[in-house]
Amino acid sequence: MAVFYDEQQRIFVLNTPDTSYVIAIVDDGYLGHVYYGKKVDTSGIRYLMREDEPPYVPGVNRREKNSFLDMFPMEYPETGMGDYRETAFCVRSSAGHRASELKYEGYEIVPGKPALEGLPATWGKEEDCTTLKLFCRDSLLNLQVCLMYTVFEKLDVITRSVLVENQGQESVYLEKVLSACLDLHDRDYEMISLAGSWARERHIQRTPLQYGRQNAASFRGTSSHQEHPFMALVTPETTQETGEVYAMNFVYSGNFLAQAEKNQFDSVRMTMGIHPEGFTWKLEPGEQFTAPEVVMVYSDAGLGRMTRTFHDLYRNNLIRSPYLYKERPILINNWEATYFDFDEQKLIDIAREASVLGIEMLVMDDGWFGKRSYDDSSLGDWQVNEEKLKGGLSYLVEEVKKTGMKFGIWFEPEMISPASELFQKHPDWAIQIPGREITQSRAQYVLDLSRQEVVDAVYEMIAAVLHSADISYVKWDMNRHLTTLGSSGLPGDRLGELMHRFTLGVYQLQERLVREFPDLLLENCSSGGSRFDPGMLYYSPQIWCSDDTDAIERLAIQEGTALIYPLSCIGAHVSVCPNHTVGRNTPFETRGHVALAGTFGYELDITKLSDEEKELVKEQTALYHKYQGLIAKGDYYRLSSWTQEGKPDSWMVVSKNKEKALLFYVQVLARANVKSSFLRLQGLLPDRRYEIDGKVYSGDVLMHAGIRIPAMQGDFRSLLMEVKAVE
Ligand code: GLA
């Protein structure tokens, strides 16, 4: 059974195919965390609570209650009573006291998975998952806290969320409602997180866990370029194929805290949720608050298994777009081709040239609206600039369609330029603190999407553009972080709600968009990859991964991104050389191979390519059509890493039935005086025979001895090899 209550041991057991998670009701009504890890027979497992060891007997040994609270593996620890580790929950009463004691009251086990109101979340059919609800209460404040756990029965995934209801007579202020906490015992761990910057997102970093708190966080109002709402604790010997992994990923796009804390007794507490800094939420009597979802994955077979579990979950149970497995049109985006300097004729010329090379959609990027000819005006004025685009949007779209291409468009709906008609009309719509200069970033302000009238007005402007012409795709951008946090829509004691309400406003906008335009292909973006997170994937099947389109820089960015997210989500384009961000020259083939491990498209002035490059575009677009099904649906295996190990970068995608695979290999720097090398493949069937480049090998030889990789002259060379099972 996936979820059951063992009455004799007073424990709840949650089982996935290969993992068990166990929670105990202990003396005095506390909930304790017993076990999470490889699937086990849970009979007799309660001894792990060490209840016979002083001072762990709260009902008997009251004089040591503080010691108990500060060392017991709490399932959902609270602030104020004696647990000095990072707690998960902090509430301030109307009298100003910060304390609560959540005691177990009862449980419910329900088939399926309840939706989280207003929030993105994984979903599952009744036959795919089961949800355990544990009800706890703070009797003084009369607050009910429901801990929700959903067990996916075919995947090693447990998701968590928390629902708080004020059943008392007075308002309370929630100051921290983390979504998950996990106490682990006595083991050495290393912490894996994803860190970076603009154009350098999600580089994998791995460090030994020390005493104290180590975290990844964002206070920027997005999940950010700099850190990522993901954390994995791994045993030191963990590789792609071996070792234990405890991973958490947050289905949320705003401020977050992902933390590991090693304490005085060598136990480790892992927590994740909305960052408490600057957060408060006033909960009036009768109101509820829902904390966003955390996805937990455990693997005892290394990082590779963890990766494939996340990929399967996000493809099967998070991304709702009809384009998930549909062949997405190969697009060409004019940003790196023209920046702001274009007119209708330039775009039509690009479309005409692109269409004969196998490209299927033109995306018009920033600069088509208001008076925008640089980045310093017009955000919020979502009407086409007819001086720039003569004949208006419908003329341009129809001309592009005559070439056989579809048409896509760029928006930045959450923003307002000081130099815009919208700001002239509604200066109070920008997030701001009265009397203070609003911090500009890229010469723009952020719209106050905590206010419903602002959400409605923005939505109507965007929907009007989308109704005015045949538009197949939207790139939804977000190019600055939040500052000067004030809102004329919120009273002083609710200002701590602004960041979360802003994120809920974004979710509402995107929900309305995908409902009203169900055939629209939506791609999220935030100065490249500042909001590449599972929350966004609930609305859009793909996210622009980074503004850095250099194939070599992309190796690290895409490796880190693919650690959690399926390749079909990773926006990746071929661009020109020298690359606009790093100035590097790489072979056109390599740029194609790296972009093929993503959504694939172009971002260059195709009218300026040489004939030889145009032939390569034809070959690449044909490769995309040949392999996109495999890349979108297959299993991802990381073989070696340039940034992690200083080795050539290589990875594979293997079909679920293991009949077909693709091997990607980028040698990065060429070396002198070397022979060919052998690269060990993964994910094949050992007793199957496979053909590669006309030669036949057995699966076990390919996986244990390896495929021969020729020595290649020249930096940045790459190979793409098809692996095909034969009789
Ligand atoms: C952001 C995006 C780019 C491009 C520009 C336009 O930086 O990441 O792809 O759309 O905005 O201003």
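Since we're looking at a predicted model, the values are computed, not measured.

What counts, and where the lines are drawn
Residues numbered from 1 in each chain as written. Predicted model: local features only at pLDDT ≥ 70, side-chain atom pairs only at ≥ 80, totals over all residues. Heavy atoms only, no water. Buried < 20%, exposed > 50% of the residue type's maximum accessible area, 1.4 Å probe, protein only. Helix = DSSP H or I, 4+ residues; strand = E, 2+ residues; numbered from the N terminus. Pairing = 2+ DSSP bridges. Salt bridge = Lys/Arg side-chain N within 4 Å of Asp/Glu carboxyl O. Axes fitted to C-alpha atoms, helices over the stretch in contact; angles between N-to-C directions. Phe/Tyr/Trp six-rings, centres within 6.5 Å; stacked < 30°, edge-to-face > 60°. Contact = heavy atoms within 4.5 Å.

Hey, could you run me through the pairing of strand β17 (residues 268-273) in this one?
Note on strand geometry: in a regular strand, side chains alternate between the two faces of the sheet. Taken across its 6 residues, β17 has 6 buried, putting it largely inside the fold. Of the two faces of β17, both are covered, the one formed by V268, M270 and M272 as well as the one formed by R269, T271 and G273. Sheet topology places strand β10 (residues 172-184) next to β17; 6 bridges connect them, and they run antiparallel. For L178, the partnering residue across the bridge sits in β17 and is G273.

When you look at the pattern of salt bridges in this model, what are you seeing that I'm missing?
Pairs can form between side chains of opposite charge whenever their charged atoms are close. Overall, the coordinates contain 56 salt bridges when judged by the stated rule. Across the pair E559 and R638 runs a salt bridge whose closest N-O atoms are separated by 3.9 Å. Note that E559 is positioned in helix α10 (residues 551-562) and R638 in strand β31 (residues 635-640), a separation of 79 residues in sequence. Residue class for R638 comes out buried when judged on its relative accessible area of 6%. A single network of salt bridges, built from pairs that share partners, joins K282, E284, D493, R494, E497 and R501.

Please explain the sheet that holds strand β2 (residues 11-15) as it appears in this structure.
Read from one edge to the other, the open sheet built from 4 strands follows the order β1-β2-β3-β4, with strand pairing classed as antiparallel. Strands with a single pairing partner mark the edges of an open sheet, and in this sheet they are β1 (3-6) and β4 (31-38). Each strand axis lies, on average, 15° off the axis of its neighbour in the sheet, ignoring direction. Of the pairings in the sheet, the one linking β1 to β2 comprises 4 bridges and is antiparallel in character. Counterpart to D6 in the pairing with β2 is I11.

Explain the packing of aromatic side chains here, please?
Aromatic rings considered in pairs are described by the distance between their centres and by the relative angle of their planes. Following the criterion strictly, the structure yields 37 aromatic pairs and no others. When the ring of Y21 is compared with that of Y149, the centres are 5.8 Å apart and the planes differ by 50°; the resulting orientation is tilted. Linking Y21 in strand β3 (residues 19-25) with Y149 in strand β8 (residues 143-152), this pair joins segments that are 128 residues apart in sequence. The residues Y21 and Y149 share a single accessibility class, namely buried. Plain terms: the ring middles of Y36 and Y298 are 5.9 Å apart, the flat faces sit at 55° to each other, and that makes the pair tilted.

How should the environment of V91 be read in this particular structure?
Relative to the helices and strands, V91 resides in strand β5 (residues 89-92). The exposure class assigned to V91 is buried, which follows from its relative accessible area of 0%. Distance from V91 to Y325, taken between C-alpha atoms, is 44 Å for residues 234 residues apart in sequence. With sequence-adjacent residues up to four places away left out, V91 is seen in contact with H97, R98, A99, S100, L141, L143, V172, Y173, L174 and E175.

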